[in-house]
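# A closer look at the structure
The chain contents come next:
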Amino acid sequence: MRNKLSRLSIPYVVWMAFFVVAPIIMVVIYAFSSAEGGFTWDNFAQMGTYAVVFGRSFKLALIATAICLLIGYPVSYMMSKEGPRFQRLAMVLIMLPMWINFLLRTYSWMSILDNNGLLNNLFRSIGLIDLYNNIFGTNIQYFQMLNTQGAVVLGMVYNYLPFMILPIYSVIVKLDHSLVEAARDLGSDTFTVFRRVILPLSFPGILSGITMVFVPSVSTFAISKMLGGGTDLMLGDLIEQQFLGGAYNPQLGAAIALVMMVIVVVCMVVMNRFGEGEEQAVML
Amino acid sequence: MKKRNSAFNRTFTVLVFLFLYLPIFLLIVFSFNQGNSNTVWTGFSLHWYKELFSDRLIMRSVYTTLLVSVLATAIATFAGTFAAIGFYSLRRRKRAVLNTVNNIPMMNADIVTGVAMCLFFVAFFGLWGSFAQWFNGIQSLIVLPERLTLGFGTLLIAHITFNIPYVILSVGPKLRQMDRNLIDAAQDLGCTWFQAFFKVMLPEIKPGIVSGALTAFTMSVDDFIISYFTAGSSSSTLAMTIYGMTKKRVTPEINAISTLLFVVVLLLLVITNVRESRQEQLEQRRKKLPTVTAAEAAQFARKSRNLGPLPKIAGAAAICVLLIVTGVAASHNAAQPVVNVCSWGEYIDEDLITQFEEQTGIMVNYQTVESNEALYSLLKSGAGDYDVVVPSDYMISQLIEEGMLEKLNYSNIPNFALIGDQFKNLPYDPLNEYTVPYAWGTVGIIYNTTMVDEPISSWSAMFSDDYAGNVLMFRNSRDAMATALLYLGYSINTTDESQLREAYELLSDAKSRGVYQAFVMDEVFQKLEGGNAAIGAYYAGDYLTMLENNEDLAFVVPEEGSNWFVDAMCVLKDAPHRDEAEAWINFIASTEANLANMDFIWYASPNTAALEGYPDYYYENYGEELAPEIYEIMAANEETLSRCQMYVSLPYETRALYNDLWIQLGI
């Protein structure tokens, strides 16, 4: 039975060889080519110049992932405790925003956060800005929210939060509640039950949530352009400039992308090792 | 017993949902705006919805989006489910390897996946071309096409490839949760393998399949960057159309179509939800009544059967209707001759496309791109196999230098005679062999008269502390460096490294002093129209668009001089539809087309009759005189132009220096 079934994977393996592996090999070839076509290490030698960009991107993506986890976990947990009707509605409501193009949604945030935007106008009309000026003796017209790194993180959280909630929710909702009850019967308080039973059991969901938020965050380019004011480059911007933008240099772009990919893959492998035992726990 | 949530917890969840929906709410509100702004509310109107349905460009991209998403989802769900079953049955080590490969499309930045696939397809087409040539040479029974291009097929392959992992990811866990003995038991009890699969396995993993399909569909609709690199010149998705608009501006029609899609999906999902929870209630009631009579049981069964297929049919019907409606709006005959055009977003009066198609029977595939540099990358990487492109002057000379343009046959373009002499034989095409000008204009400073102390007249405003935090700088290296070079009194075409470094220092110093609020392209509309920034450098035609939404804005070509530019139509080397391309160029060069375009995009026309006749055209159409100062800004006069220089293509070393400096500015 099992051997027969495993043949079902052959078509997809062939497909992957063509459309996943072969393209990646093209990227690797590019990363080690010079503009004229010969082999070179030069593209990697330049990497040091971009260390700051690597640092900034990983920092912001990590912060965004952490915030997504802090918001996403409680939301998934609470959703799982509601009735089935609410749960389904909530799932739909979480997926739905993705039906509107992310550029448009991010544009909307610009008009909310801008100096003369919705929020600042609100603060002005309720006197919050005057109050702030009175207390601190300043004379500001608005709170600077747009074009800050905070706004970039907000954009990432906004766009990728659903990717954190969905996997965590799908794991929590399937938790075996008899385990929770058993723990409670054995005298654990609510917090201990959460820490010792629910949290470890939801680990696989957390891991895939982290992956699905961190990877797009670290490589985003539209969000940093629009909400960050385009003044501080991120890794995605750097890659985008080599492939699409003002600095056409696909070899360098491929090299940067490759380095980023290797770092991300190493992180993921380490994390998955870390979580491997937990996966078994869910299967029990 | 499960504990229910406290009020505090519920409030938290509600707040998170508000956070998710606040921007969407705003976006929907502005789809009903009378004006063309996404920030300034000018009154309620439905006219964007009306315009939407006659906008073939948007309708076609919606059609392509839906079609590719539906097909890719169906195929990926089918293939992904079987692949997941196959993976699940493999030995652990093998499975781990395959799972890692499977995760690559998700671990990779979209842009890398997109570029990688584009490189792969282009390389494959090259190999295929030589194979087909050889094959057609040795026999004549089967004729293989020698020239393959990116198009709907490659777009579909790309979407399937990035969709399958999502299906596997959501089916896999369901398989692992399933009790393996169930299938063995079923088979022991006499089920064939096939029956065991359909009766036992499928019901167990169905929720995973459904959620995988839903995720895949959503990802397909949302994807932009992978489509951008794999769609070629003949098909574009909605996301690509939106992105192409970002050099100019995003029209509220996009808000309208997004609102419609949003509402349709919302309704569909609500219907499905209501049905499922009703069914669940029925089942619960059945469970509560262990001693039901046969009649009652039959009634329950009938009720749930009646509810059963209805929402599914409704869903399928809704998607079909959407496909048909958008398909009809976008319809064309497959045998019709075509021409593939690439230009800037919101840079043509789209009625012209319809007129051209009706007159000539040639179908126009119209795509947009966000900058000259992005166009160059698309052409270089092989992703853009257009017939006609409309780059700006300096990019044209670069394309000519690299042998990427085809010489035009001007006897097919009689309307070229209507183009003013001052726009012929310009430095980018000295013998005028390759180009027919499309539009021209100047770069200047746009400022909000209520936010500055005195009228701006010099580029110094872009570098002084006077308006620190309220200045918008270009987000492209050539234009940004030009502002600094002009202020320093150098030529905008200088190749002198020390002058360029000086200009860079000026920009970088101003950036570190906090002069710039942001580096922008089309975000400039939102910021200047809404009074979020005081000063910004941008293009004259776009200033006139902003003026419609904010009367306090003023435009000046600074005293130090500026850049004037020409965008011109060219045909790419080896373009497959040369004759159609020249017919298109001839049509666009006509006086009527130029008048319509001037009226729509507010950029000046190179057609002498149109340029001089526009004030009369305006009077006839709107019943009022065109203010002379507006005409002056649109079509800069001799005196202004004498202060302006045109960009020329820079040598390779200088371009490399620009790139370095620009990236350093960003670091």
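That block above? That's the structure.
A brief structural summary. (Residues numbered from 1 in each chain as written. Chains lettered and ligands numbered in written order. Predicted model: local features only at pLDDT ≥ 70, side-chain atom pairs only at ≥ 80, totals over all residues. Heavy atoms only, no water.)

### Thoughts on the overall build of chain B
Regarding its fold elements, chain B presents 26 helices and 11 strands. The principal-axis extent of the C-alpha atoms belonging to chain B is close to 95 × 75 × 55 Å. Here chain B, with 667 residues, has 60% of them falling under the buried criterion. Relative to all contacts within chain B whose residues are 6 or more apart in sequence, the contacts with residues 24 or more apart total 74%. Summing over all exposed atoms, chain B offers an accessible surface of approximately 27,500 Å²; the carbon and sulfur share of this is 59%. Averaging the coordinates of the 44 positive side-chain charges in chain B and doing the same for the 69 negative ones gives two points 24 Å apart. (Helix = DSSP H or I, 4+ residues; strand = E, 2+ residues; numbered from the N terminus. Buried < 20%, exposed > 50% of the residue type's maximum accessible area, 1.4 Å probe, protein only. Contact = heavy atoms within 4.5 Å. Areas by Shrake-Rupley, 256 points an atom, 1.4 Å probe, with all protein chains shown as cover. Lys, Arg positive; Asp, Glu negative; His and termini not counted. Charge placed at Lys NZ, Arg CZ, Asp CG, Glu CD.)

### A look at the nonpolar core
Counting 320 residues, the largest nonpolar core has B:I111, B:F229, B:I535 and B:W584 as its most contacted members. Counting residues per element, this core draws most heavily on helix 9 (residues 149–172) of chain A, at 15 residues. Residue contacts for B:F229: discarding those within four places in its chain leaves A:F243, A:L244, B:I111, B:G114, B:V115, B:C118, B:L150, B:S381 and B:A383. (Core = buried A, V, L, I, M, F, W, Y, C linked by side-chain atoms within 4.5 Å.)

### Notes on a nonpolar patch on the surface
Residues and elements named next belong to chain A. Taken together, the side chains of L122, I126, L128, L131, Y132, I135 and F136 present a nonpolar region at the surface, about 690 Å² in accessible area. The element best represented in the nonpolar patch is helix 8 (residues 128–136), accounting for five residues. Structurally, the position occupied by L122 is in helix 7 (residues 118–125). You can call L122 partly exposed: its relative accessible area is 44%. (Patch = residues over 30% accessible without salt bridge, like charges linked within 9 Å, V, L, I, M, F, W, Y side chains within 5 Å. Salt bridge = Lys/Arg side-chain N within 4 Å of Asp/Glu carboxyl O.)

### Topic: the side chain of B:T218
Checked against the element boundaries, B:T218 lands in helix 8 (residues 193–222). In contact with B:T218, other than residues within four places in its own chain, are A:M95, A:M98 and A:W99.

### What to know about the interface of chain B and chain A
Contact with chain B, which involves 119 residues of that partner, is made by 109 residues of chain A. Around 10,700 Å² of area is buried between chain B and chain A when both sides are counted, 68% of it from carbon and sulfur atoms. Linking chain B with chain A are four salt bridges, by the criterion used here. Note that B:R10 and A:E82 form a salt bridge whose closest N and O atoms lie 2.8 Å from each other. Between chain B and chain A we count 18 residue pairs in polar contact (both at pLDDT 80 or more) in total. Sort the elements by how many residues they give to the side of chain B that touches chain A and helix 1 (residues 7–30) of chain B lands first, with 14 residues. Among the residues forming the side of chain B that touches chain A, the class breakdown is 69 nonpolar, 30 polar and 20 charged. (Buried area = accessible area lost by both parts, 1.4 Å probe. Polar contact = N/O pair within 3.5 Å; in protein donor to acceptor, adjacent residues only side chain to side chain. Nonpolar A, V, L, I, M, F, W, Y, C, P; charged D, E, K, R; others polar.)

### With respect to the pattern of salt bridges
All names here are of chain B. A complete count under the given rule lists 17 salt bridges over all chains for this structure. For R513, the salt bridge goes to D465, with nearest N and O atoms at 2.5 Å. Of this pair, R513 sits in the loop between helix 18 (497–512) and strand 7 (516–520) while D465 is found in the loop between strand 5 (435–448) and strand 6 (471–474), placing the two residues 48 residues apart along the sequence. Taking the relative accessible area as the measure of exposure, D465 reaches 45% and is therefore partly exposed. Taking the shortest distance from any N to any O, the salt bridge between R643 and E639 comes out at 3.2 Å. On the basis of relative accessibility, which here comes to 47%, the residue E639 falls in the partly exposed class. It is possible to trace a salt-bridge network through shared partners that takes in K380, E402 and R655.

### Remarks on the pairing of strand 10 (residues 562–572) of chain B
All names here are of chain B. For strand 10, the buried fraction is high: 11 of the 11 residues fall into the buried class. Residues of strand 10 alternate between two faces, with S562, W564, V566, A568, C570 and L572 on one and N563, F565, D567, M569 and V571 on the opposite face, all of them buried. Sheet analysis places strand 3 (residues 388–389) next to strand 10, joined by two bridges and oriented antiparallel. When the bridges of strand 10 are listed, V388 appears paired with V571. (Pairing = 2+ DSSP bridges.)

### A few points about the environment of B:Q664
Structurally, B:Q664 can be placed in helix 26 (residues 652–666). Along the backbone, B:Q664 and B:Y504 are 160 residues apart, and their C-alpha atoms lie at a distance of 9.3 Å.

### Examining helix 14 (residues 235–243) of chain A
The buried fraction of helix 14 of chain A is high, at nine of nine residues. All of the buried residues along helix 14 of chain A are A:L235, A:G236, A:D237, A:L238, A:I239, A:E240, A:Q241, A:Q242 and A:F243.

### Quick notes on the packing of aromatic side chains
Tallying each qualifying case throughout the model produces 65 aromatic pairs over all chains. Relative to A:Y158, the ring of A:W109 has its centre 5.5 Å away and its plane inclined at 75 degrees; by these criteria the two rings are edge-to-face. With A:W109 in helix 6 (residues 102–113) and A:Y158 in helix 9, this residue pair connects regions lying 49 residues apart in the sequence. Exposure class is identical for A:W109 and A:Y158. Each is buried. For the ring pair B:Y347 and B:Y438, a centre distance of 5.2 Å and an interplane angle of 35 degrees mean the geometry is tilted. Of this pair, B:Y347 sits in the loop between strand 1 (338–343) and helix 14 (351–360) while B:Y438 sits in strand 5, placing them 91 residues apart in sequence. Classification of B:Y438 as buried rests on a relative accessible area of 6%. Grouping aromatic residues by their ring pairs yields a cluster made of B:Y347, B:Y438, B:F474, B:F525, B:Y538, B:Y539, B:F565 and B:Y603. Its end group placed over the ring of B:F416, B:K424 keeps NZ or CZ at 4.7 Å from the ring centre. In this arrangement the basic side chain of B:R478 is found over the ring face of B:Y394, its NZ or CZ atom lying 5.0 Å from the centre. (Phe/Tyr/Trp six-rings, centres within 6.5 Å; stacked < 30°, edge-to-face > 60°. Lys NZ or Arg CZ within 6 Å of the ring centre and 35° of its normal.)

### Describing the environment of A:R195
Tracing the sequence through the fold places A:R195 in helix 11 (residues 190–201). Sequence separation of A:R195 and A:V27 is 168 residues, and the distance between their C-alpha atoms is 43 Å.

### Quick word on empty space enclosed by the protein
Following the criterion strictly, the structure yields 11 cavities of 30 Å³ or more and no others. One number sums up the size of the largest cavity: a volume of about 380 Å³. As for the largest cavity, its lining consists of 25 residues, and the residues nearest its centre are A:K225, A:Q241, B:R475, B:N476 and B:W662. Secondary-structure elements contributing two or more residues to the lining of the largest cavity are helix 13 (222–227) and helix 14 of chain A together with helix 17 (477–488) and helix 26 of chain B. Residues that form the lining of the largest cavity fall into these classes: five nonpolar, 10 polar and 10 charged. The volume enclosed by the second largest cavity comes to roughly 240 Å³. Elements with a contribution of two residues or more to the lining of the second largest cavity: helix 6 of chain A together with helix 1 and helix 19 (523–529) of chain B. For the lining of the second largest cavity, the element with the most residues is helix 6 of chain A, which contributes four residues. Taken together, the residues of the lining of the second largest cavity break down into seven nonpolar, seven polar and three charged. (1 Å grid on protein atoms, 1.4 Å probe; cavity = no way out; pocket = protein on both sides within 12 Å on 5 of 7 lines; lining within 4 Å. Points joined across faces, edges and corners; volume = space filled by probe spheres on them.)

### As for the side chain of A:N115
One can find A:N115 in the loop between helix 6 and helix 7. The exposure class of A:N115 is buried, given its relative accessible area of 3%. A polar contact is formed between the side chain of A:N115 and the backbone oxygen of B:N532, at a distance of 3.5 Å. When neighbours within four sequence positions are excluded, A:N115 is seen to be in contact with A:N120, A:R124, A:Y142, A:F143, A:Q144, B:N470, B:Q517 and B:N532.

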